[in-house]
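# Structural overview
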Amino acid sequence: MGDEHDKLLPIANVVRIMKQILPPKAKISKEAKETIQECASEFISFVTGEASNKCHRDNRKTVNGHDVCWALISLGFDEYGEVIMKYLHKYMEFERERIGRVKQRTVVEEKKDEDSMCRVPECRVMEKGQGRTLILKSLMRNLNDEDEDEDEEESNV
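Described below are features of the structure shown in this document. (Residues numbered from 1 in each chain as written. Predicted model: local features only at pLDDT ≥ 70, side-chain atom pairs only at ≥ 80, totals over all residues. Heavy atoms only, no water.)

The full count for this structure, using the stated rule, is three aromatic pairs. On the basis of an interplanar angle of 85° and a centroid distance of 5.1 Å, the ring pair of F43 and F77 is categorised as edge-to-face. Of the two residues, F43 sits in helix α3 (residues 30-57) while F77 sits in the loop between α4 (65-74) and α5 (78-118), which places them 34 residues apart along the sequence. Overall, F77 belongs to the partly exposed group, its relative accessible area being 26%. Considering the side-chain rings of F77 and Y80, the 6.3 Å spacing of their centres and the 55° angle between planes classify their relative orientation as tilted. An aromatic cluster is built from F43, F77 and Y80, whose rings are joined through pairwise contacts. (Phe/Tyr/Trp six-rings, centres within 6.5 Å; stacked < 30°, edge-to-face > 60°. Helix = DSSP H or I, 4+ residues; strand = E, 2+ residues; numbered from the N terminus. Buried < 20%, exposed > 50% of the residue type's maximum accessible area, 1.4 Å probe, protein only.)

Put into structure tokens, the structure is as follows:
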């Protein structure tokens, strides 16, 4: 009995999905929850088993989204397979764009860091006691320069 429950989807997740479809005040019996849980779990096992068999025939160890779509279509769930395939392609396109934006942002930040590292603060000979004031003035000047650079970048965009 313990092994059987390990193969089932979590009941809370199944119930949450069921409630999204039903009217807000609808009640769901324990038996209905368990039946849907068993059916959904069996369906997922059926489809992933077929996808896993395809991977095994192709000498691969990892099941991917395309394998699941192929399994849905080959098992006669054409409409689901086609819709999920469209979703998968849109998701992959979105991820490629997101990764591109992250890489682009990283390059811009690295360039900005290189520019700020090249700045050499003004150096003056100072008398005793002027050290703190000079350091603060130098820091303030660098911060103001960075703020001006950011304002210029924003106005260029």
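Text resumes after the structure shown.
Taken together, Y87, Y91 and M92 make up a surface patch of nonpolar side chains, about 330 Å² in accessible area. On the secondary structure map, Y87 appears in helix α5. Judged by relative accessible area, Y87 falls into the exposed class, the value being 57%. (Patch = residues over 30% accessible without salt bridge, like charges linked within 9 Å, V, L, I, M, F, W, Y side chains within 5 Å. Areas by Shrake-Rupley, 256 points an atom, 1.4 Å probe, with all protein chains shown as cover. Salt bridge = Lys/Arg side-chain N within 4 Å of Asp/Glu carboxyl O.)

Purely geometric stuff here, so don't read any function into it on its own.
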